[in-house]
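An overview of the molecular structure
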Amino acid sequence: MKNLNRWVYAIVGVITLLVAGLIYAWTVFAKTVSANHVDWSAASVSLTFTLVMAFFCLGGLIAGILSKKVKPRIYVLISAVLFLVGFLIASMTGENIAPLYIGFGVFCGLGAGFSYNAVMGTISAWFPDKQGLISGILLMGFGFSSFIVGKIFAFVAPADGSGTWTGVFRVMAIVVCVILAICSFFFVRPGSDFKPPAPKKEKAVREPACDINTGQMVRRPVFWLIYIWAIMVSAAGLALVGQASGIATQVGPQVESGTIATVVGLISIMNGIGRVIYGAIYDKKGYKPTMILCKVSFIICALILIAAIQSQSFGVLVLGFVVGGFAYGGVTPVQSAIISDFFGRTYYATNFSIIVTNLLIGSFASTIAGKLYDMSQSYMSTVFMMIIVTVIGFVIFLGIRRPKDSDTRAA
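Computed from a prediction, not measured in an experiment: that's the story for all the values here.

Points about the overall build of the protein
What the protein contains, in helices and strands, is 18 helices and 0 strands. Against the 2.2 N^0.38 benchmark of 22 Å for 411 residues, the protein shows a C-alpha radius of gyration of 20 Å, consistent with a compact globule. Oriented by its inertia axes, the alpha-carbon framework of the protein measures out at about 60 × 45 × 40 Å. Expressed as a percentage of the 411 residues in the protein, the buried residues total 57%. For the protein, restricting intrachain contacts to residue pairs at least 6 apart in sequence, the fraction spanning at least 24 positions comes to 85%. On the protein, roughly 16,000 Å² of surface is accessible, and the fraction owed to carbon and sulfur atoms is 69%. With 29 positive and 14 negative side-chain charges, the protein shows a spacing of 7 Å between the two charge centroids.

And the structure:
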């Protein structure tokens, strides 16, 4: 496999994340599950998404810590088994919500985390000259997953109050397991003698500001500023993703579930497109313009959503979801590229697994948004929460500075 063109590995990485990223289709799954269990509160259903994101982070952290000892293909195989077991357990959900929490929340979350770290830590190593772009391309698969899987799921398991979704989960268990098992054979790290192809036009490749291990990284104040910034923007994005179906239903109560799934899927489409665009911008312009664009987009999204809810205009809502998906598309490629740019590539797999844990905190945004809806019976509270965390993120951003040479020597 080591003789393959590096873009082959990139394609396999996109496919892997396309499958693992189905955890983001929860907002579509939740609509069908809630229709089948009308006695469950929005907060209790939203907790499933919080759990899956929390264990996603935990899986990525474990994979990152052991990345020097365990081959990445083993992680992808483990991920395949976890998804198989997770969907089968979740399919056993009856009146008790616990199997859904354990199956989808715990097992599928862990599986996604293992795959995510294996892809980002392995495939990106083949592209030291295009860290922002390759991060965006790989993460595009993660973003598109919700749209593709969500549309298929909404078609075969509509929100009609039936229990057909449990059977669909059993089929997904097998399909996901097989795809990940096949992809695992392509996960190999480049050798120490690997050099990227020379560009057609001579251009300077920016070297990392420093190359330090995780212990040194977490002692840098700038890392914690990046970490808090990531929590805030992740919270804004996850609140939108987790409550998108509910917001769409509130604005368009007569709109068919298939149409709502399509509109919600626009968030994923723009998320995927945005990740490539943000990655390219990071490579060319650096972290500052990229992070500013991300935050401004979130504010514009929130303002559009306010207008949509107040006017009950489904067309305006669609525009809000498009902008919101694009805004959220900037979060993951920025934190992926900035860890490599600021702290180096030698310890990237472990360092990256640490920054991803921001989702452990940010994932509670969906549960909080669900609770706020239970209290107010309006998703306007979710939009206001998005504005608050985005503003906090902007304040934190003002203190972020790329390490200098003197910082490197002191490490």
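Focus on helix α4 (residues 72–90)
Its 19 residues give α4 an end-to-end C-alpha distance of 27 Å, which sits within 8% of 27 Å, the value for a rise of 1.5 Å per residue. The complete set of buried residues in α4 reads P72, Y75, V76, S79, A80, L82, F83, G86, F87 and A90. Among the structural elements, α1 (6–20), α3 (42–65), α5 (98–122) and α7 (164–183) are those in contact with the buried residues of α4.

Here's the deal with helix α13 (residues 331–343)
Its 13 residues place the ends of α13 18 Å apart at the C-alpha level, agreeing with the 18 Å of an ideal helix rising 1.5 Å per residue. Most of α13 is tucked away: 13 of the 13 residues are buried.

As for the environment of I361
With respect to the element layout, I361 can be found in helix α15 (residues 358–362). On the basis of relative accessible area, I361 is assigned to the partly exposed category, the value being 46%. Note: C-alpha distance between I361 and V241 (120 residues apart in sequence) is 15 Å.

What to know about the packing of aromatic side chains
Applying the stated criterion across every chain yields a total of 26 aromatic pairs. The interplanar angle of 65 degrees and the centroid separation of 6.0 Å between the aromatic rings of F87 and F104 together place this pair among those described as edge-to-face. With F87 in helix α4 and F104 in helix α5, the pair connects residues that are 17 residues apart, well separated along the chain. Just as F87 is buried, F104 falls in that class too. On the basis of an interplanar angle of 75 degrees and a centroid distance of 5.0 Å, the ring pair of F223 and W224 is categorised as edge-to-face. A relative accessible area of 0% places F223 in the buried class. In this structure, K295 is placed above the aromatic ring of F397, and the distance from its NZ or CZ to the ring centre is 3.9 Å.

Focus: the packing of helix α9 (residues 221–251) against helix α12 (residues 314–328)
Contact pair α9 / α12: the axes reach a minimum separation of 10 Å and the direction vectors enclose 160 degrees. It follows that α9 is roughly antiparallel to α12 by the angle criterion. Pair α9 / α12 crosses with left-handed handedness. Each of V233, S234, G237, L238, L240, V241, A244, I247, A248 and V251 in α9 lies in contact with α12, whose residues at this interface are F314, L317, F321, G324 and Y328. Residue classes in the contact of α9 with α12 are distributed as 12 nonpolar, 3 polar and no charged.

Analysis parameters
Residues numbered from 1 in each chain as written. Predicted model: local features only at pLDDT ≥ 70, side-chain atom pairs only at ≥ 80, totals over all residues. Heavy atoms only, no water. Helix = DSSP H or I, 4+ residues; strand = E, 2+ residues; numbered from the N terminus. Rg over C-alpha atoms; globule rule 2.2 N^0.38 Å. Buried < 20%, exposed > 50% of the residue type's maximum accessible area, 1.4 Å probe, protein only. Contact = heavy atoms within 4.5 Å. Areas by Shrake-Rupley, 256 points an atom, 1.4 Å probe, with all protein chains shown as cover. Lys, Arg positive; Asp, Glu negative; His and termini not counted. Charge placed at Lys NZ, Arg CZ, Asp CG, Glu CD. Expected span 1.5 Å × (residues − 1). Phe/Tyr/Trp six-rings, centres within 6.5 Å; stacked < 30°, edge-to-face > 60°. Lys NZ or Arg CZ within 6 Å of the ring centre and 35° of its normal. Axes fitted to C-alpha atoms, helices over the stretch in contact; angles between N-to-C directions. Parallel < 35°, antiparallel > 145°, perpendicular 65-115°, else oblique. Left-handed = near helix turned anticlockwise from the far one by under 90°. Nonpolar A, V, L, I, M, F, W, Y, C, P; charged D, E, K, R; others polar.

Spatial relationships are all this shows, so hold off on functional conclusions.
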